[in-house]
Amino acid sequence: MQKRGCGIRTAADYRERLSPSLWALVAAAVCGPMAAVVFSPLDTTLALFIGLVVSVAIVVGLLAISPVVEVRDGELRAGRAHIPVEFLGVPAGVVAEEARTARGSGLDHRAWHVIRGGIDGIVTVPVTDPDDPTPSWVVSTRTPDRLVAAIQRAQVRLRTPGR
């Protein structure tokens, strides 16, 4: 996103790609040998080539579609969505059992979710905009404390005159 009024893209205060875990990538790569077995009766060399292409394509595809969470230019971005920090309340980061509850039984179905399995931390940020039907954002992160701090810094900068 470009900064309003000046056309300059600034460095992100926080940026994290929610890529799949190593085990998920290894499991996806196993699809290649399975594809190779299917084509092995036709031609062994062709089967190996197809298996390699399938493995690489699936792993690259999983990495390419991984959502990005970032705080930049006064906005929180999570996946395709973004919201100005001026419409956010006090963020809360949790890990371990509290994060499992936040992803499970404590999850509000009306909230905006960017949740990825294999990533333990969760940050929940209430939405203070009265016109927004979404009560909060629930975002997976490997470093909840850093994401919370980045949101809070952006909120402070917004409130500080002469920024």
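Below you will find a few notes about this structure.

Criteria and cut-off values
- Residues numbered from 1 in each chain as written.
- Predicted model: local features only at pLDDT ≥ 70, side-chain atom pairs only at ≥ 80, totals over all residues.
- Heavy atoms only, no water.
- Pairing = 2+ DSSP bridges.
- Helix = DSSP H or I, 4+ residues; strand = E, 2+ residues; numbered from the N terminus.
- Axes fitted to C-alpha atoms, helices over the stretch in contact; angles between N-to-C directions.
- Contact = heavy atoms within 4.5 Å.
- Core = buried A, V, L, I, M, F, W, Y, C linked by side-chain atoms within 4.5 Å.
- Buried < 20%, exposed > 50% of the residue type's maximum accessible area, 1.4 Å probe, protein only.

1. Digging into the sheet that holds strand 3 (residues 75-78)
The sheet built from 4 strands is open, its strands ordered 1-2-3-4 with antiparallel pairing. Pairing within the sheet leaves two strands with one partner each, and these edge strands are strand 1 (14-17) and strand 4 (81-84). Taking the axes of each pair of neighbouring strands and ignoring which way they run, one obtains an average angle of 10° across the sheet. Note: strand 3 against strand 4, 4 bridges, orientation antiparallel. Bridge assignment links Glu75 to a residue of strand 4, and that residue is Pro84. The strands touched by helix 5 (residues 144-159) within the sheet are strand 1, strand 2 (68-72) and strand 3, with strand 2 carrying the most contacts at an inclination of about 30°.

2. Section: the nonpolar core
Among the nonpolar cores identified, the biggest contains 22 residues, and Val69, Val71, Leu76, Leu88, Trp137, Leu147 and Ile151 are the most heavily contacted of them. Broken down by secondary-structure element, the contributors of at least two residues to this core are strand 2, strand 3, strand 4, strand 7 (121-126), strand 8 (136-141) and helix 5. Considering every element that reaches this core, the biggest residue donor is helix 5, with 5 residues. Those residues in contact with Leu88, other than ones at most four positions away along the chain, are Leu76, Ile83, Val125, Pro126, Val127, Thr128, Ile151 and Gln155.

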